[in-house]
Structures are given as structure tokens and as C-alpha cells.
Number of protein chains: 2
Amino acid sequence: MEQYLKKLKECKKIVAALEPKIKNSLLRQMAQALRDNVKQIIEENKKDLIEGKNNALNSALIDRLLLDESRVESMAKALDEIATLKEPVGRVLEGWVVPSGIRIEKVSIPIGVIAIIYESRPNVTSDTAALCLKSGNVCVLKGGKEANFSNNVIAQILQNVLVANNLPKEIISLLPDNTREGVAKLIKMDKYIDLVIPRGGEALIKYISENSSVPVVKHDKGLCHLYIDKEAKIEDAIKIAINAKCQRTGVCNAIETLLVHQEIAQHILPLLKQEFDKQKTELRGCEKTQMIISCLEASSKDWDTEYLDNILSIKIIEDTDAAIEHISEFGSGHSDSIITENYSTAEYFLNSVDSACVYVNASTRFTDGGEFGFGAEVGISTNKLHARGPMGINDLTTYKFKIYGKGHARD
Amino acid sequence: MEQYLKKLKECKKIVAALEPKIKNSLLRQMAQALRDNVKQIIEENKKDLIEGKNNALNSALIDRLLLDESRVESMAKALDEIATLKEPVGRVLEGWVVPSGIRIEKVSIPIGVIAIIYESRPNVTSDTAALCLKSGNVCVLKGGKEANFSNNVIAQILQNVLVANNLPKEIISLLPDNTREGVAKLIKMDKYIDLVIPRGGEALIKYISENSSVPVVKHDKGLCHLYIDKEAKIEDAIKIAINAKCQRTGVCNAIETLLVHQEIAQHILPLLKQEFDKQKTELRGCEKTQMIISCLEASSKDWDTEYLDNILSIKIIEDTDAAIEHISEFGSGHSDSIITENYSTAEYFLNSVDSACVYVNASTRFTDGGEFGFGAEVGISTNKLHARGPMGINDLTTYKFKIYGKGHARD
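Residues numbered from 1 in each chain as written. Chains lettered and ligands numbered in written order. Predicted model: local features only at pLDDT ≥ 70, side-chain atom pairs only at ≥ 80, totals over all residues.

**Let's talk about the overall build of chain A**
1) Next: Scanning chain A from N- to C-terminus turns up 14 helices and 16 strands.
2) Next: Relative to its length of 411 residues, chain A is compact, with a C-alpha radius of gyration of 24 Å against a globular reference of 22 Å.
3) Next: Counting only C-alpha atoms and orienting by the principal axes, one finds that chain A spans roughly 70 × 70 × 35 Å.
4) Next: Relative to its 411 residues, chain A shows a buried fraction of 51%.
5) Next: Relative to all contacts within chain A whose residues are 6 or more apart in sequence, the contacts with residues 24 or more apart total 70%. (Helix = DSSP H or I, 4+ residues; strand = E, 2+ residues; numbered from the N terminus. Rg over C-alpha atoms; globule rule 2.2 N^0.38 Å. Buried ≥ 20, exposed ≤ 12 C-beta atoms within 10 Å, placed from the backbone. Contact = placed C-beta atoms within 7 Å.)

Here is the structure:
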């Protein structure tokens with residue numbers, strides 16, 4: 001593996017030096033290549049589906065795996081769109097002249113070699129390869145074993161475009177040893193890998209965070225809260241609660257727990273229940289909640305659970321401090337929202353909740369690269385450092401200082 | 001230890017919510033407290049000095065340990081200066097409105113709990129405590145055992161100021177278990193510690209990078225290069241070479257290797273030797289160098305060695321590509337400089353060398369928080385992510401997104 005990683009280090013320089021128009025042309029050629037090879041992709045994908053069924057994968061996983069003509073077209077479109085994004089490399093982030101007269105520029109540059117470890121969806125292969133290429137990085141992709149045939153054919157199609165343009169195919173690499181042992185080795189290779197991004201279940205992310213000597217940007221769970229303050233606009237609160245829970249339930253930016261101020265609970269909970277019943281949402285309430293509406297009992301485990309399902313836990317709390325306290329204890333630092341018309345309460349919540357995205361009078365569902373206007377989604381980071389919250393393509397860059405002198409020596 | 005770290009987590013909220021003027025007043029009170037207690041500090045420091053002599057510490061280490069009235073005054077002044085820095089928390093880094101009408105602000109916030117592991121110099125205790133306080137962070141300090149008495153008394157003086165202001169003393173903490181085992185435990189506590197900054201020898205940094213599950217910002221070695229291109233201004237090249245090597249030799253931003261273009265070597269090397277001889281610099285040259293000037297022979301190990309001493313290795317290379325290649329192989333990604341009057345060569349070098357600080361026609365000695373105008377030095381990061389190169393106080397912050405809606409639900 002070390003031999004292979006050495007090769008990647010050489011590729012770094014090549015991809016970092018590509019002009020924007022070359023990178024964009026490569027991306028468009030790759031999009032076209034996916035379209036031209038749609039039959040082969042679907043054929044290889046079928047092999048994964050057959051193996052998946054043999055291994056008794058559930059229908060949701062099978063659906064994630066499935067590629068058809070329209071899904072391949074979406075993959076191609078995504079590459080075309082990435083080609084239109086603003087060049088992320090070479091942005092002058094800051095620049096100044098110091099008293100000695102030297103001029104300093106802080107300039108965005110590629111990170112280098114990025115390893116991405118992900119599960120099931122084969123479109124992640126082309127998406128992340130394209131995002132890395134656009135940002136001047138070499139990528140090492142390690143997809144789920146269940147999507148092996150699909151990922152291989154997609155990577156090969158993209159690599160063929162590189163080769164046709166006289167570029168080394170290793171700029172877009174699949175991890176050669178696609179096993180747990182391969183991953184275990186990879187995340188110790190800090191000499192060659194500059195960043196690892198795990199996207200997947202909690203166990204995967206925990207394993208990588210604890211064992212990697214390469215810096216990690218996590219895409220961890222979202223245990224999000226909506227807090228309805230006593231001074232909330234009732235109609236906004238209901239609309240946003242339904243949206244944050246029900247618009248899509250299997251996603252990290254949906255809420256799991258609704259916190260309701262005790263002074264508004266009696267009035268709003270029956271109205272909320274009416275709407276949630278229409279959505280067939282399973283409600284699990286604290287003791288006080290159960291005294292107002294009929295629902296299941298929330299156990300202490302509920303506050304700590306990311307359902308990823310149409311289930312909502314509800315807790316009546318004393319005041320805003322108690323809401324912040326609850327979020328601090330059980331939240332995952334992803335997205336949390338307050339509904340209030342009170343200026344000071346809103347400011348206090350925004351400043352006190354230590355999450356990547358803190359909202360006032362809006363749904364947590366907006367935590368998304370697309371909604372943020374980033375154009376393409378790298379992921380949603382639950383790191384506190386380097387990148388936090390929705391990651392745009394600029395988050396796949398770091399910076400260097402360029403310093404311009406006129407024969408300057410230090411006094 | 002977990003009990004103690006839980007307490008720190010509670011302190012996070014308190015220190016993050018302090019108004020700038022309160023933080024600045026605390027810093028000024030701390031400066032005054034150091035001045036008021038100078039005798040006690042010197043007394044405790046003497047105990048370290050005696051133990052150090054008993055343990056046969058060398059004179060350089062003893063000098064690093066020593067505190068006298070003027071050094072304590074410098075420590076106090078540093079705190080006063082940190083109080084005058086611009087508030088690092090709450091800066092709006094970006095802000096925009098998305099098509100749906102929600103307004104997004106990316107705002108700087110404290111990182112949380114920062115652990116700093118360092119060696120000998122006791123002034124690091126007050127400096128880093130102050131930098132963390134100013135940036136709204138809780139700090140856990142782990143100094144060298146040889147400075148135990150000094151660090152304890154300094155921390156206690158700072159803590160007394162906190163207590164006198166009705167703040168928990170744990171905002172500035174010394175690691176209670178000041179042993180290797182204590183550090184080993186600490187760097188696994190990612191639930192409580194948000195960042196660890198090791199400052200010290202290579203072994204310490206390697207150990208922490210490889211074993212920490214907490215994100216690390218390294219302050220690693222500096223193997224810096226100066227490349228004299230064939231189109232260099234001779235007088236600039238000589239002045240900068242002397243400055244970069246000899247102005248201070250025991251520092252990370254001094255050069256270790258001089259790369260000289262073959263077409264200029266015959267002319268410039270004798271001139272360089274003349275100047276370096278005045279500085280009593282030991283020169284170790286490659287074979288070609290030895291054919292031009294008399295000097296020791298450089299072994300292959302020399303290209304890989306941070307001397308931290310008045311020693312310079314010299315290599316004659318074919319062209320700029322060979323210089324970049326050498327730097328890529330042996331450099332530590334810290335600071336590297338080219339001397340040239342050729343525009344394209346300068347641009348090529350600035351873009352191709354993957355170091356935190358890349359210079360043209362200036363000495364690498366400028367890689368320094370003070371010289372960069374940051375006001376106070378947190379360290380020089382050799383990380384690629386989060387912070388790279390000289391770290392100012394702003395690098396002790398991260399960010400959150402504040403999102404302002406008007407009852408927004410996602411479509």
C-alpha cells in the first residue's frame with residue numbers, strides 16, 4: 001500500500017497545478033463518459049443488486065444501491081454542475097503589508113490527498129471524485145463492499161477520462177485493499193494522506209475518529225432540537241415543527257426532540273398533536289406532556305436517540321435555560337432551532353447553543369450545502385475545527401502564506 | 001480525571017459568555033497580580049532551579065527555566081498587550097441571504113476546552129492562559145515537570161484573580177495528573193477536550209499526533225530552505241542567506257539547507273563562504289560544493305536534519321524543479337524561500353512549494369506571529385488544517401452558523 005500511496009503523493013503536484021478550465025473540461029468529459037457508458041454501469045450495478053439480495057439486504061439498502069438511467073443522468077448532471085462552480089483554489093483570503101514592507105497573502109490551496117470512506121450509494125463515488133478534482137485534490141475512495149461492482153465501473157470510467165487527457169489515473173483512486181484491514185492501514189498513513197472524511201454509521205465514524213492519525217472531518221449523527229419558547233408565534237411554531245420532523249425523516253437535519261416552554265404547552269400541544277397525527281408521527285412525551293395530550297411515554301433513552309424515523313420525543317421545560325441545558329446534554333452539535341418573537345431570548349439562544357447551525361424561527365432542515373447556496377454538498381461536518389456544518393467545495397481547500405519581499409532580512 | 005473534565009465543560013459556557021471588557025479587565029488584573037507576587041514567583045522558581053541543577057540539566061535548559069524580575073515583568077507586559085488585542089470572538093466572517101430569504105451569518109466563537117502541552121519555559125503558562133481567556137476558551141495546561149513549582153505558582157496567581165472576580169478557577173487549569181499517564185489519558189478525552197496543542201520536541205509531538213483522539217494542532221520542527229536561483233540578486237542572496245541562518249540559530253524558522261543553482265554557484269559560493277566564515281557557521285557541502293569552496297562533506301543525513309545550531313548544509317542543484325523536488329522530499333512544510341529576479345520562476349516556486357510560508361526575496365525568519373502583525377504568538381502550526389503557519393489569537397476560535405428566519409420551513 002505504501003508504494004501506491006507514494007504514487008498519490010506525486011499526483012498531488014499534477015492535479016494542484018491544473019488550470020481551472022482544464023479541470024472543468026475534465027469534469028464535463030466525465031459527465032459525458034457516464035452518459036455514454038450508462039448501459040455498462042447498470043449492468044455492473046445489477047451484479048451488486050443480485051449479491052445484495054443474496055445477502056438479504058433490506059429494501060431500503062437495495063434502493064440506495066440501485067442505479068437506473070435517470071440516476072446515472074443525475075450523477076452526470078452533478079458533475080456538470082460542479083464544473084460551473086467558482087474556482088476554489090487561489091482565492092486570496094487575506095492580504096496585508098507589515099511594517100518591514102514585506103507583503104503577505106493568505107491564499108487557498110488544495111489540501112492534498114483526501115481519503116473518503118462511505119457506504120452504499122454509488123453516486124457518492126462520482127460526486128466526491130469530482131469535488132476533489134475541482135478543488136485540486138487527489139482522492140482515495142473507499143465505498144461500501146455492497147456497491148463494489150458499481151463503484152469500480154464508475155471509477156474506471158472517470159479514470160479513463162484522466163488517461164485520455166494524459167493524466168495519471170491515480171488522481172481518482174479506489175483504495176486497493178477494500179477491507180477493514182485496508183482502512184485500518186490507510187488511517188495511519190499520515191505521511192501520505194492529508195485528510196480522511198468518513199461518511200456513514202456511528203460505528204464507522206467512532207472507529208475512525210479514535211484510530212486515525214490522519215486528521216478527520218466527521219459527518220456524524222444529527223440529534224437536532226426545536227425549542228418552542230413561550231413567546232413563539234403559534235402558526236410559525238407548528239409549521240416549522242412539522243417541517244423539521246416530517247418533510248424527510250431519515251436525514252441528519254430532521255429534529256428528534258421538541259422542547260416546549262411550560263407556559264405555552266397547554267395551548268400548543270393539542271394543536272401540534274392534530275398536525276402530527278395527520279403525518280402519522282409517533283409522539284413520545286415526558287410525564288407533563290402526557291398530561292396534556294395522549295401519546296407514548298418517553299423513556300430517558302429517547303432524549304439520546306437519533307430515530308431517523310417518523311418519531312418525535314416531546315419534553316416540557318421550565319424556561320430557555322432549561323432548553324439550552326437539555327440541548328447541551330443530549331444534542332450532537334448539529335442543528336438546533338428556537339421559535340420566539342422575543343429579541344433577547346433569540347439572541348441568548350443563538351449565542352448559548354454550541355451547535356454548528358443555530359436557528360431562530362426557521363426549520364433545521366435548512367442545514368444543507370444546497371440550501372446554504374454552496375452549490376454542491378461535500379457533507380455536513382460535526383467537527384469543531386477546519387470545517388463545521390454544511391461543507392462547500394471551499395472546505396476542501398486549506399491555505400498557505402505567500403510572502404513577497406524586496407531583499408528583506410529580519411532586524 | 002473525568003470528574004474534573006466535566007467541571008471544565010461547565011466552565012466553557014461561563015468563559016464564552018464573558019464580555020470583552022470583562023476579559024480585558026481580568027487580563028490586566030492578572031498582569032498586576034504577577035507584578036505584585038514577583039517575590040513569591042522567584043522563590044518558587046528557585047526550587048525548580050535547584051532541582052534542575054540536582055538533575056544535571058544543561059545550562060541552556062536552566063536559562064530557559066530561570067525567572068527574574070525583568071522576566072516576570074515581561075510576562076506581565078505580555079498579558080497587558082493581549083488585553084489590547086481586537087476581540088477575537090463574534091467576528092462575522094461571512095454573511096449572506098439565500099433565495100428562500102433566510103439570513104446566514106458565519107460567526108467566530110471560542111473552540112471550547114484547549115489543552116496545551118509544553119516544556120520548560122514558565123512564561124508559556126501565563127501567555128497561553130491569557131490567549132485562551134481572551135479568545136473565550138477554557139485551558140488545561142501541562143507544563144514540563146522541571147518547571148513544576150514555577151508553573152504552579154503562576155497558575156495559582158492567575159486563578160486567584162478569577163476567584164476574586166467570582167469566576168471558577170478551573171477556567172485556567174493545570175492538568176492535575178502531571179505525568180505521562182496523565183497526558184495519555186487526556187488526549188483520549190475527546191468528549192471534554194476540543195483541541196490539544198503540543199509544543200515541544202519531536203518525540204512529544206509524534207506521540208501526541210499518533211495517539212490523540214482529540215484534534216491536534218502541531219507546532220512541529222522547521223526544516224527550512226533557501227534557494228538561490230541563477231537570476232538572484234547577489235547582494236540580496238548573501239544578505240538573506242546570512243540572516244536566515246545566523247540571526248538566531250536555535251529557532252524553527254532558521255534555514256538548515258541552502259540550495260544553489262549550478263549556474264550561479266561558482267560566482268556566489270566563495271562570497272557566501274566569506275560571510276559565513278565571519279559568522280563562524282559550519283558549512284557542509286555536497287560534492288560539487290566542495291569543488292568550489294572548502295567545507296565539510298554533507299552526508300545524506302544532513303538534508304534531513306534540523307540542526308538548531310550554527311550549521312548549514314549546501315547543495316548545488318540543476319534548476320528550480322530540482323530545488324522544489326528537494327524541498328518536497330526533505331522539507332517540513334514550514335518556511336522556504338527563493339531568491340530570484342525572474343517573475344515566472346518566482347511564481348512557479350511560490351505555487352509549487354507546499355509549505356505554510358513560501359517566500360520570494362525575503363528571509364524565512366519572518367515566519368513569526370509578531371512579524372506577521374498578529375500581536376501575540378500562539379505558535380507556528382505545521383498542520384495543514386484549521387491553522388497553518390504563524391497562529392494568531394483568531395486561530396483559537398472556530399465558527400458557528402447563525403441562521404435568522406421569519407417562520408421559514410423548507411420546501
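Picking up where we left off.
**So, the interface of chain A and chain B**
1) Next: Counting residues at the interface gives 53 residues for chain A and 53 residues for chain B.
2) Next: Only α9 (202–211), α10 (234–246), α14 (343–352), β13 (357–362) and β16 (397–408) of chain A provide two or more residues apiece to the side of chain A that touches chain B.
3) Next: It is β16(A) that contributes the most residues to the side of chain A that touches chain B, 11 residues altogether.
4) Next: Residue composition of the side of chain A that touches chain B, grouped by class: 23 nonpolar, 16 polar and 14 charged.
5) Next: Of the pairings in the sheet, the one linking β16(A) to strand β13 (residues 357–362) of chain B comprises 5 bridges and is parallel in character. Its bridge partner being in β13(B), F401(A) is matched across the sheet by C357(B). (Nonpolar A, V, L, I, M, F, W, Y, C, P; charged D, E, K, R; others polar. Pairing = 2+ DSSP bridges.)

**Section: the packing of helix α6 (residues 123–134) of chain A against helix α7 (residues 148–164) of chain A**
Residues and elements named next belong to chain A.
1) Next: At a minimum axis distance of 8 Å, the contact between α6 and α7 shows a crossing angle of 30°. The angle between α6 and α7 places the two elements in the roughly parallel class. When the axes of α6 and α7 are compared, the crossing they make is right-handed. In this structure, α6 uses T125, S126 and A129 to contact α7, whose residues at the interface are N151, I154, A155 and L158. (Axes fitted to C-alpha atoms, helices over the stretch in contact; angles between N-to-C directions. Parallel < 35°, antiparallel > 145°, perpendicular 65-115°, else oblique. Left-handed = near helix turned anticlockwise from the far one by under 90°.)

**Things to note about the relation of the copies chain A and chain B**
1) Next: For the pair chain A and chain B, the best superposition has an RMSD of 0.1 Å and corresponds to a rotation of 180° with a translation of 0.0 Å parallel to the axis. The transformation just described matches what one would write down for a two-fold rotation axis. The position closest to the rotation axis in chain A is occupied by the C-alpha of H386(A), lying 2.1 Å away. (Least-squares fit on C-alpha atoms with pLDDT ≥ 70 in both.)

**As for the environment of A164(A)**
All names here are of chain A.
1) Next: Here A164 is to be found in helix α7.
2) Next: What makes A164 exposed here is the crowd of 11 C-beta atoms within 10 Å.
3) Next: With 158 residues separating them along the chain, A164 and K6 place their C-alpha atoms 23 Å apart.

**Quick look at the sheet that holds strand β4 (residues 138–142) of chain B**
All names here are of chain B.
1) Next: One open sheet holds the 4 strands; their spatial order is β5-β4-β3-β6, and the pairing between them is parallel. At either margin of the open sheet sits one strand with a lone partner, and together these are β5 (172–174) and β6 (195–198). Across the sheet, the axes of successive neighbouring strands diverge by a mean angle of 20°, strand direction being ignored.
2) Next: In the sheet, strand β3 (residues 113–117) pairs with β4 via 5 bridges, with the strands oriented parallel. Residue pairing in the sheet places I116 in a bridge with L141 of β4.
3) Next: The sheet strands contacting helix α1 (residues 2–16) are β3, β4 and β5, and the helix crosses β4 at an angle near 130°.
4) Next: In the packing of helix α7 (residues 148–164) onto the sheet, contacts are made with β4 and β5, and the angle to β5 comes to roughly 150°.

**Focus: unusual backbone geometry**
Residue and element names in this part refer to chain A.
1) Next: With a phi angle near 65°, H386 is a residue other than glycine that sits in the positive phi range.
2) Next: Position of H386 among the secondary structure elements: in the loop between β14 (379–381) and β15 (389–391).
3) Next: Residue H386 is classed as buried on the basis of its C-beta count, with 21 C-beta atoms lying within 10 Å.

**Side note on the domain arrangement of chain A**
1) Next: Here chain A is partitioned into domain 1 (2–220 + 385–404) and domain 2 (224–366).
2) Next: Placing a centre on the C-alpha atoms of domain 1 of chain A and another on those of domain 2 of chain A gives a separation of 36 Å. (Domains from an automatic or database assignment.)

**Things to note about the sheet that holds strand β12 (residues 335–339) of chain A**
1) Next: Pairing in this open sheet of 10 strands is mixed, and the strands run β10(A)-β9(A)-β11(A)-β8(A)-β7(A)-β12(A)-β13(A)-β16(B)-β2(B)-β1(B) from one edge to the other. Pairing within the sheet leaves two strands with one partner each, and these edge strands are β10 (296–297) of chain A together with β1 (92–97) of chain B.
2) Next: Two strands pair when backbone bridges link them, and strand β8 (residues 255–261) of chain A and strand β11 (residues 311–317) of chain A are joined in this way by 5 bridges, in the parallel orientation. Residue pairing in the sheet places V260(A) in a bridge with I316(A) of β11(A).
3) Next: Against the sheet, helix α13 (residues 320–330) of chain A engages β7 (224–228), β8, β11 and β12 of chain A, with an angle of about 140° to β11(A).

**Some details on helix α2 (residues 20–36) of chain B**
All names here are of chain B.
1) Next: Taking 1.5 Å per residue, 17 residues should reach 24 Å; α2 reaches 24 Å between its end C-alpha atoms and fits that length.
2) Next: Among the residues making up α2, those that are buried are K23, L26, L27, M30, A31, A33 and L34. Each buried residue of α2 sits inside an arc of 160° when the element is viewed along its axis, so together they form one side. Along α2, exposed side chains directed more than 90 degrees from the buried face belong to K21, I22 and D36. (Expected span 1.5 Å × (residues − 1). Arc of directions from axis to C-beta.)

**Let's talk about the environment of H386(B)**
1) Next: Along the backbone, H386(B) and K7(B) are 379 residues apart, and their C-alpha atoms lie at a distance of 26 Å.
2) Next: Those residues in contact with H386(B), other than ones at most four positions away along the chain, are L385(A), H386(A) and V217(B).

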